[in-house]
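# Structural overview
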Amino acid sequence: MGRARVAARVAVRPSVLAADQGRLAEEVARLEAAGADAVHWDVMDGVFVPNLTVGPGVVAACRRETDLPFEVHLMTVEPERLLERWAEAGASTVIVHAEACVHLHRVLARARGLGMKTGVALNPGTPLEAAEPVLDEVDLLLVMTVDPGFGGQPLIASTLRKVARARRLLDSLGSGAELEVDGGIDPVTARQAVEAGATVLVAGTAVFRHPDGVARAVQELAQATGVEAERMAR
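Residues numbered from 1 in each chain as written. Predicted model: local features only at pLDDT ≥ 70, side-chain atom pairs only at ≥ 80, totals over all residues. Heavy atoms only, no water.

When its secondary structure is counted, the chain shows 8 helices and 10 strands. Taking 234 residues into account, the globule formula puts the C-alpha radius of gyration at 17 Å, and the chain, at 16 Å, falls close to it. Dimensions of the chain, computed from the C-alpha atoms along their principal axes, are close to 50 × 45 × 30 Å. Residue burial in the chain is summarised as follows: out of 234 residues, 50% are buried. (Helix = DSSP H or I, 4+ residues; strand = E, 2+ residues; numbered from the N terminus. Rg over C-alpha atoms; globule rule 2.2 N^0.38 Å. Buried < 20%, exposed > 50% of the residue type's maximum accessible area, 1.4 Å probe, protein only.)

Next up, the structure:
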């Protein structure tokens, strides 16, 4: 097997899905103090996934509490309907699901036109080919490592092979897009994901349910990746 370089630093972007929903502004401020790279907002509509979470108004209210970038992950049908609202709410990046977009190129172009970075997400059962046509247009590819909808799920082991394939695909295209993983990420699975080629970790339960607090959780995730100079190419 050959060797490939890894990113010099792996980003940790906690999901506030696992935070205290009655104190979101304070929780966001805690993440900044803990050294998180960004705040990941899981937006669910009760249709695309069987859960319901926050809207643009909540995100806008929390925007005033931190200078951290806001990454909005739209697990919704017709994500294009509220793109303007998300931009106004202060989203730095908007991530849409390939499965939810009839006209994926058009949705991404609209988001970019509103000044946001863009990402495309794939459920565990969705092949990488669904995102390949837009990989030269996005800033981020998100490989879901659990079926979306609920926090606290264990990582699906087979998704790590998909992460490795995604890494090879991005490298073959010469893409500078980040490779993000979301679902079941803890210090053990974080290392596995980074070894497979991930450059961004999203974690909720492992951060907000850590017995020693949010700052220690973020630190442990960053340390767990090892940030080795090299990884074995899959």
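It is worth spelling out the environment of Pro 56 at this point. The topology assignment puts Pro 56 in helix H2 (residues 56-63). Exposure remark for Pro 56: the relative accessible area of 9% places this residue in the buried category. Note: C-alpha distance between Pro 56 and Val 107 (51 residues apart in sequence) is 18 Å. Apart from the residues within four sequence positions on either side, Pro 56 is in contact with Arg 85, Trp 86 and Ala 89. (Contact = heavy atoms within 4.5 Å.)

Burial of strand S3 (residues 39-44) is extensive: 6 of the 6 residues sit out of reach of the surface. Side chains Val 39, Trp 41 and Val 43 of S3 all project onto a buried face; the interleaved residues His 40, Asp 42 and Met 44 project onto the opposite face, where all are buried too. The pairing of S3 with strand S4 (residues 70-75) spans 6 bridges and is parallel. Opposite Asp 42, over in S4, you have His 73 as the bridge partner. (Pairing = 2+ DSSP bridges.)

Reading across the sheet, the 8 strands line up as S2-S9-S8-S7-S6-S5-S4-S3 and stay open at both edges, with parallel pairing between neighbours. Only two strands of the sheet have a single neighbouring strand rather than two, namely strand S2 (11-12) and S3. Across 4 bridges, the pairing between S4 and strand S5 (residues 93-97) is parallel. Bridge pairing links His 73 to Ile 95 in S5.

A few words on the nonpolar core. Val 16, Leu 31, Trp 41, Val 120, Leu 141 and Val 207 are the most contacted members of the largest nonpolar core, which totals 66 residues. Apart from the residues within four sequence positions on either side, Val 207 is in contact with Pro 14, Leu 31, Gly 213, Val 214, Ala 217, Val 218 and Leu 221. Listed in part, the 6 residues of the second largest apolar core include Ile 95, Leu 140, Leu 142 and Met 144. (Core = buried A, V, L, I, M, F, W, Y, C linked by side-chain atoms within 4.5 Å.)

Think of two packed helices as two axes; the pair is described by the angle between the axes and how far apart they sit. Between helix H1 (residues 24-34) and helix H8 (residues 214-224), the shortest axis-to-axis distance is 9 Å and the interhelical angle comes to 50°. By the angle between their axes, H1 is oblique relative to H8. Handedness of the H1/H8 crossing: right-handed. Listed contacts from H8 to Arg 30, Leu 31 and Ala 34 of H1 are Val 214, Ala 215 and Val 218. Its residues assigned to classes, the contact of H1 with H8 comprises 5 nonpolar, no polar and 1 charged. (Axes fitted to C-alpha atoms, helices over the stretch in contact; angles between N-to-C directions. Parallel < 35°, antiparallel > 145°, perpendicular 65-115°, else oblique. Left-handed = near helix turned anticlockwise from the far one by under 90°. Nonpolar A, V, L, I, M, F, W, Y, C, P; charged D, E, K, R; others polar.)

Let's shift gears to the confidence of the model for the chain. Looking at the chain, the pLDDT average stands at 92 and 93% of residues meet or exceed 70. Note on residues 227-234: pLDDT is under 50 here. Beyond four places in sequence and across chains, it has 35 contacts. (pLDDT = per-residue confidence, 0-100.)

A few words now on the packing of aromatic side chains. Scanning the entire structure with this criterion turns up 1 aromatic pair. A centroid spacing of 5.4 Å and a plane angle of 65° characterise the contact between Trp 41 and Phe 70, whose relative ring orientation is edge-to-face. Linking Trp 41 in strand S3 with Phe 70 in strand S4, this pair joins segments that are 29 residues apart in sequence. Overall, the relative accessible area of 1% leaves Trp 41 in the buried class. (Phe/Tyr/Trp six-rings, centres within 6.5 Å; stacked < 30°, edge-to-face > 60°.)

To continue, consider the pattern of salt bridges. Under the definition given, this model contains 11 salt bridges. Salt bridges here are not isolated pairs; linked through shared partners, they connect Arg 13, Glu 71, Glu 178 and Glu 180. (Salt bridge = Lys/Arg side-chain N within 4 Å of Asp/Glu carboxyl O.)

Across the 6 residues that make up strand S6 (residues 117-122), a large majority, 5, are buried. Alignment of S5 against S6, held across 5 bridges, turns out to be parallel. Across the sheet, residue Val 96 finds its bridge partner in S6, namely Val 120. After leaving S5, the chain enters helix H4 (residues 104-113) and then returns to the sheet as S6, a path that is right-handed. Sheet topology places S6 next to strand S7 (residues 140-144); 4 bridges connect them, and they run parallel. Across the sheet, Ala 121 pairs through a bridge with Leu 142, a residue of S7. (Right-handed = clockwise from strand over helix to strand, strands pointing away.)

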